[in-house]
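Chain by chain, the residues run as shown.
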Amino acid sequence: MRKYLVASLLTTIVCLKAESSVLAQSDANDIASIIKVWGFLNYNSSYILTSEINWDQELIIALEKYDSTKSREVSCMYLLSKLPPTQKGNNRKDSQERSSRLSWIEKDSLIPSPVKVYLNDLVDIKKPFPNRYIYPKYAGVVGHLNPNKLDFDPTNKYHRLLNLARYWTIMKYFNPYLDLLDPWDETLIEMIPIFSDPRSEVDFYKALLRLNAKIEDSHSFINVLPVDLGKEVFGSLYLQDIQIAAVGGGIIVTEIREGSQSNVQVGDILKEIDGIKLETFLDSIKELASLSFSDTTRMLTFMHRSNVASRAWTLQRGAESRVVSVSFDEVAPSYVNQFSGCLTKELGNYFYLMPNNCTQNDFKEMMKKASNYDGLILDLRCYPKDLHFLISNRFSSRFKHFSTNTIVDPFHPGSFEEQKARTPLLGRRYKKKVVVLVSPRTVSASEYTVMALQTNPNVKVVGTHTAGANGNVVTILLHGGYACLFSSIGIHYPDGVLNQQNGVKIDYKVNESIEDHLTKDTILEMGKIVIDK
């Protein structure tokens, strides 16, 4: 009979931390140097990029050689032995400098001198693109492939380390937000002992989740073909009867479904789960979830799932504290506040529109109605699929620079170029006052849309911080059916302020209390005040 993990994610973290003591520190440092050499060669050697060599298999052999000799030099020189001689090249423009991401070549004292010479000779050579590993997905976005075949065994140490190496290398040379993170070379050394301990596939999946959390990107998560793994770690059962929301860093009950048997009331504040303080429980989620910042809203997904049919929640209302049992079931509930189409209403002289599931035709019809009012409150606390360009076209100023985007130079991985993004030139503009409402649910393309709208002096932004996850998403393919998504383009305001981990600029910030959240839409109320000014 299948054995489920304990109810709390804390056990996952304890196990992961215990694994990190298996490998000696000196071994971790040596393996890190081997992986860095392998990864650099993967994306900088024209021979690897264009020939049929299985470079993944060569890393496995190099790691096996290290285990038998304890010599990083033997392993690194083995990798070089598989490649043809190279000649120093210089295909860069005079204005281009070497990326700081390549400074490790000189700084890493563990890399043999002949290897350093070889790597340095490759740095300035223009690489072939597209190639077997990367291709142009769409404008400014590089897609990733993995042409190497492997019968992946999650309990094989070398297979596990190979997936770590592939993930770490792609982030090293293609993630535009690497400078926001803890030193990436140190992250590699930290994760090597964890990936080196060949336990079960569940343990491997947890290790991969923990690695992915290190990039601190709310766009990012791990897709896994063995779908039962996700259920094993996060739970196969879903919270029933109750809907919860994040307010002021805490979590409150906002809805009780009709017929619920739970002794829970709207407005109850969650303090503990199964005797574990909420703060500790959330910290355990942060270890496995990639978050642009520690926003409780982004963690609610994990709190809706469980591997046990009931959990003990400690709830507080005023001075009273009580423990209640909440139920979980195999069927994911749908909540009554979900809706389709455009949500609209009249607010005196103003028109309110939330285009959550609007079609383009719906949106055009709503704009005809909006033209009869003195202004518009546009609620972007949602993700209006396929409407972002249309919204920008209607509300932004014409052909204004609203974002500076950093994109990878595919001919020199690790280097990035800047491109200016401008609002649409053509299109009929809305000339009345506009207030845009935002919250942590304003994510990705919705944030990009807000940035475009802010070129219009008639637009004011009201709300709380947005998700801070922006830039076109691409997928990394790993062995074993694992895939990871991450933000591939760096998004900055024209003045250099990053959207990633910061969110959009807000003209009128709203601080919402629990009482406010239960009795009114504080952000909307502030929006009505602002549009009246």
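Sequence order as written defines residue numbering, which begins from 1 separately in each chain. The model is predicted, so local features are restricted to residues of pLDDT at least 70 and side-chain atom pairs to those at 80 or more, both for listing and for counting; the totals for chains, interfaces and linings are taken over all residues. With hydrogens and water excluded, all non-hydrogen atoms of the structure serve as input to the side-chain values.

Thoughts on the sheet that holds strand β15 (residues 401-408)
(1) Moving on: The strand order across the open sheet built from three strands is β16-β15-β21, with neighbouring strands paired in antiparallel fashion. Of all the strands in the sheet, the pair left with one neighbour each is β16 (416-422) and β21 (490-492). On average, adjacent strands in this sheet sit at an angle of 25 degrees to one another, irrespective of strand direction. Paired strands are those between which DSSP finds at least two bridges. Numbering goes from the N terminus for both helices and strands, where a helix is a DSSP run of H or I of at least four residues and a strand is a run of E of at least two. Lines fitted to C-alpha atoms define the axes here, with helix axes fitted over just the stretch in contact, and angles between the N-to-C directions of these axes take values from 0 to 180 degrees.

Quick look at the side chain of Ser 396
(1) Moving on: Positionally, Ser 396 belongs in the loop between α15 (388-395) and β15.
(2) Moving on: For the purposes of these results, a polar contact is taken to be a pair of N or O atoms within 3.5 Å, where, inside protein, one atom must be able to donate a hydrogen and its partner to accept one; residues adjacent in sequence count only when each atom of the pair is a side-chain atom. Polar side-chain contacts of Ser 396 include one of 2.5 Å to the backbone oxygen of Ser 392.
(3) Moving on: Not counting residues up to four positions away in its chain, the partners in contact with Ser 396 are Thr 423, Pro 424, Arg 429, Ala 452, Leu 453, Thr 455 and Asn 456. Here, residues are in contact when the closest pair of their heavy atoms is within 4.5 Å.

Description of the environment of Gln 419
(1) Moving on: Residue position: Gln 419 is located in strand β16.
(2) Moving on: Sequence-wise, Gln 419 and Thr 404 are 15 residues apart; in three dimensions their C-alpha atoms are separated by 5.7 Å.
(3) Moving on: Excluding residues that lie within four positions of it along the chain, Gln 419 makes contacts with Ser 403, Thr 404, Asn 405 and Ile 407.

Re the packing of aromatic side chains
(1) Moving on: Centres within 6.5 Å make a pair out of two Phe, Tyr or Trp rings, where for Trp the six-membered ring is used; the pair is then stacked when the planes are under 30 degrees apart, edge-to-face when over 60, and tilted otherwise. What the rule picks out here adds up to 15 aromatic pairs.
(2) Moving on: Look at Phe 40 and Trp 104: their rings are 6.2 Å apart centre to centre, the planes differ by 75 degrees, and that puts the pair in the edge-to-face class. With Phe 40 in helix α2 (residues 25-44) and Trp 104 in helix α6 (residues 104-107), this pair connects stretches of sequence that are 64 residues apart. Per residue, the accessibility class of Phe 40 equals that of Trp 104, and both read buried.
(3) Moving on: Seen from their ring centres, Phe 395 and Tyr 430 are 5.6 Å apart, and the 70 degrees between their planes marks the pair as edge-to-face. With Phe 395 in helix α15 and Tyr 430 in the loop between β16 and β17 (433-438), this residue pair connects regions lying 35 residues apart in the sequence.
(4) Moving on: Buried, partly exposed and exposed residues are distinguished by accessible area as a fraction of the type maximum, computed with a 1.4 Å probe on protein chains only: under 20%, between the cut-offs, and over 50%, respectively. Residue Tyr 430 is classed as buried on the basis of its relative accessible area of 7%.
(5) Moving on: The rings of Phe 152, Phe 195, Phe 204, Tyr 205 and Tyr 482 are connected pair by pair, giving a single aromatic cluster.
(6) Moving on: We count a charge as sitting over a ring when the NZ of a lysine or the CZ of an arginine lies within 6 Å of the ring centre and within 35 degrees of the ring normal. Lying over the aromatic face of Phe 411, Lys 126 brings its terminal NZ or CZ to 4.6 Å of the ring centre.
(7) Moving on: The ring of Tyr 352 carries Lys 345 above its face, with NZ or CZ at 4.9 Å from the centroid.

Considerations on the nonpolar core
(1) Moving on: If you look at the biggest cluster of nonpolar residues, it comprises 140 residues, and the most contacted ones within it are Phe 40, Leu 41, Ile 192, Met 303, Phe 395 and Tyr 482.
(2) Moving on: Per element, the largest residue contribution to this core is eleven residues, and it comes from helix α8 (residues 157-174).
(3) Moving on: For the purposes of this section, nonpolar cores are sets of buried Ala, Val, Leu, Ile, Met, Phe, Trp, Tyr and Cys residues that join through side-chain atoms within 4.5 Å. Grouped together as the second largest cluster of nonpolar side chains are 14 residues, Leu 347, Leu 437, Ile 523 and Leu 524 included.

Focus: empty space enclosed by the protein
Rolled over the atoms, a probe as big as a water molecule pinpoints where empty space is left.
(1) Moving on: Points on a 1 Å grid over protein atoms alone make up a cavity when a 1.4 Å probe fits among them but cannot get out, and a pocket when they form an open set with protein on both sides within 12 Å along at least five of seven lines; lining residues each have an atom within 4 Å of a point. Grid points are joined across faces, edges and corners, and a volume is the space filled by probe spheres set on the points. In this structure the tally under the stated criterion is two cavities of 30 Å³ or more.
(2) Moving on: For the largest cavity, the full set of lining residues is Gly 140, Val 141, Val 142, His 144, Phe 174, Val 408, Val 474, Phe 486 and Ser 488.
(3) Moving on: The biggest single contributor to the lining of the largest cavity is strand β2 (residues 141-144), with three residues.
(4) Moving on: Classifying every residue of the lining of the largest cavity by side-chain character gives six nonpolar, three polar and no charged. Each residue gets one of three labels, nonpolar for Ala, Val, Leu, Ile, Met, Phe, Trp, Tyr, Cys and Pro, charged for Asp, Glu, Lys and Arg, and polar for the others, Gly among them.

Section: the pattern of salt bridges
(1) Moving on: The salt bridge definition used is simple: a Lys or Arg side-chain nitrogen within 4 Å of an Asp or Glu carboxyl oxygen. Counted under the stated rule, the structure contains 22 salt bridges.
(2) Moving on: Between Asp 283 and Lys 286 there is a salt bridge, and its shortest N-O distance comes to 3.4 Å. Here the residue Asp 283 and the residue Lys 286 both occupy positions in helix α12 (residues 278-286), the gap between them amounting to three residues, near one helical turn.
(3) Moving on: Overlapping salt bridges bring together Lys 36, Asp 108, Lys 172 and Asp 185 as one network.

A closer look at the pairing of strand β12 (residues 343-347)
(1) Moving on: As defined by bridge partners, β12 adjoins strand β13 (residues 350-354) across five bridges and the pair is classed as antiparallel. Across the sheet, residue Glu 346 finds its bridge partner in β13, namely Phe 351.
(2) Moving on: In sequence, β12 turns back onto β13 through a hairpin of two residues, with Gly 348 there showing a positive phi of about 65 degrees.

Let's talk about the environment of Lys 520
(1) Moving on: For Lys 520, the location among the structural elements is in the loop between α17 (514-519) and α18 (522-531).
(2) Moving on: Not counting the four nearest positions on each side in its chain, Lys 520 is found in contact with Glu 512 and Glu 525.

As for the sheet that holds strand β19 (residues 473-478)
(1) Moving on: If you walk across this open sheet you meet the three strands as β3-β20-β19, and the pairing is antiparallel. Taken across any chain shown, the strands that pair with only one partner, and hence form the sheet edges, are β3 (222-224) and β19. The sheet shows a mean angle of 25 degrees between the axes of neighbouring strands, direction not considered.
(2) Moving on: Where β19 and strand β20 (residues 482-487) come together, six bridges link them in antiparallel fashion. Residue Val 474 lies in a different strand from β20, and its bridge partner there is Phe 486.

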